Structure formats: structure tokens, C-alpha cells
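Chain by chain, the residues:
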Amino acid sequence: MLLGWTAAAMLVAGSAQAAAWTQPRGGREVIVSLHRQDSTHGFDLDGEAVDIVDYRKTELQGFAEYGLSDRLTVRAQGSVRRLHTRNARETEPGHFELAARYRIASGETWVLSSESAVRLPGGDGDPGSAQRGSSDAEYDSRFLLGKSATLAGKAMFLDLQAGVRRRDGEAPDERRLEVTVGGRPARRVMLMAQVFDVASVGAGQGPFEAYRYRNVQLTAVYDLPAGWSVQAGAVGTASGRNALRERGGVVAVWRRF
């Protein structure tokens, strides 16, 4: 079976989402990551790049998950971020997230799960930018499908996630689709290509207009002894409407128990 190593967390700028696989009973994983994104352009209503006030975000995230049983995994995530524009600098807490993932069904090389999460507000953020989120509570529900296989004798996996994020306050709800393809070209190395597609469900109230953006992330994870791993990669916004065009990177340290 190829399921164990694919239960690793998937990192995306601003958030950390788990894969479809659940932890075994008593299994634990902790990830500390540093994200840095810069944006000198955004996307207008037609998806064309336009100049904006330069924006930079640096975020330190902590992520932990624990297997209450072989079928049920709980996780928590929190962060501290620094937002920097031409006119202001601010350090604030990000959202704190609590989630539970339940394995609905599984086979030799596949798994189907559901996950529900509550994201509690941190700092005020900036309601004018979709990717920076809102300063109100959010509720995420999704289905997750994972499939492992071999290609040319190398372990591979595919992780698909689709769901809705409901948001309090003036911000609109969001539809979310996430696709991850990963593989191990060598025993200690895992490569991942990820696409994160976010679209608002119409427009919100106040300054919140309808928006959409698609982030692409490429990372490599190297396994060290005693359950440690290190990760590094790049992330960027491939397309969008009424959204930031971000470019940046992520580095992380993983520890499995």
C-alpha cells in the first residue's frame, strides 16, 4: 500500500490543508512553515494585469494534526503575519483553524473523506483584497478524494478536494477546488504540483466584489531521519479577476510521530 506517506499536509500560501488520507490512531504530525508573497500587480474584472499599490505578506504558520482513530483525524492551525504596503506596516494574528477529517470509505489505493473546519478571526486584514481574507469567522466543508499508484516503478498520488467556505460578515462565500499531484523520484524526495482555485459566490457587501483566482505551487520535500522533513518551493497566481497577482515562496519543517 502507498497510503502512509501521502497523508502529509498540503501547504498553500495563507493556509495549510490536509490530504484525503487520515492519520492512523495516535499518529501525529506537526509542520512549521514560513510564507512570503509579494504583489506589485493585480487582476481587473477582465483578468488583465494592472498596477496596484505594492503589497507584501510574510506569514509564520503552525499546523498540527492527530489521529483520534484510524478514520477520524483532528487538526489545528494558527499563524502570525506581517502585512506591508507603501503606506502601512502591520503585524497581526491570522485565522486560527480547527478541523475534523473523517474517512468515509477506502480501498487498497484510494480513500474518500470529508472535512469540516471552523476558522476563527485573527487580525483585521484588508477587506479590499480577496486573498487576504476577512476579519470574520469562516466555515469550511469539503470532500477529499485520494488515489495512489506507481509509474515506472515510482510511487505517485493524486489528491482532489472540492468544497464551500461560508463566511460571516460582508465577505461572500467561496467555492474551492484543490488538485495535488505528487511523486517520489527517489526514496527520500517527494515532489508536489498543486493548483488552488477559489471563486466567490457572487459579490459580498460593502467593498467585497465578485472575484476569482488560481494559485499554482511547486514544492519539494526531503525526508530526514527520525521523522523529520524539510520543504521548499514557489507559489504564484496564474490567473484571476478582482484579485492580487502574487509571487512568493514557502519553506517548512515537518515532524511526524
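Nothing here was measured: the structure is a model prediction, and the numbers come from that model. (Residues numbered from 1 in each chain as written. Predicted model: local features only at pLDDT ≥ 70, side-chain atom pairs only at ≥ 80, totals over all residues. Heavy atoms only, no water.)

### What to know about the packing of aromatic side chains
Next up, step 1: What the rule picks out here adds up to two aromatic pairs.
Next up, step 2: Between the aromatic rings of Trp 21 and Phe 157, the centroid separation amounts to 6.3 Å while the plane-to-plane angle is 85 degrees, which identifies the pairing as edge-to-face. Note that Trp 21 is positioned in the loop between β2 (15–17) and β3 (28–43) and Phe 157 in strand β10 (residues 154–167), a separation of 136 residues in sequence.
Next up, step 3: Residue classification places Trp 21 among the buried positions, given a relative accessible area of 3%.
Next up, step 4: Classification of Phe 157 as buried rests on a relative accessible area of 4%.
Next up, step 5: Taking 6.5 Å as the distance between ring centres and 20 degrees as the angle between the ring planes, the aromatic pair formed by Tyr 211 and Tyr 213 counts as stacked. Here the two residues Tyr 211 and Tyr 213 agree in accessibility, since each one is buried. (Phe/Tyr/Trp six-rings, centres within 6.5 Å; stacked < 30°, edge-to-face > 60°. Helix = DSSP H or I, 4+ residues; strand = E, 2+ residues; numbered from the N terminus. Buried < 20%, exposed > 50% of the residue type's maximum accessible area, 1.4 Å probe, protein only.)

### A closer look at unusual backbone geometry
Next up, step 1: With phi around 55 degrees, Ala 152 is a residue other than glycine that occupies positive phi space.
Next up, step 2: Looking at where Ala 152 falls in the secondary structure, it is placed in the loop between β9 (138–151) and β10.
Next up, step 3: Even without a glycine there, the phi angle at Ala 226 is positive, about 60 degrees.
Next up, step 4: You can see Ala 226 is positioned in the loop between β13 (212–223) and β14 (228–241).

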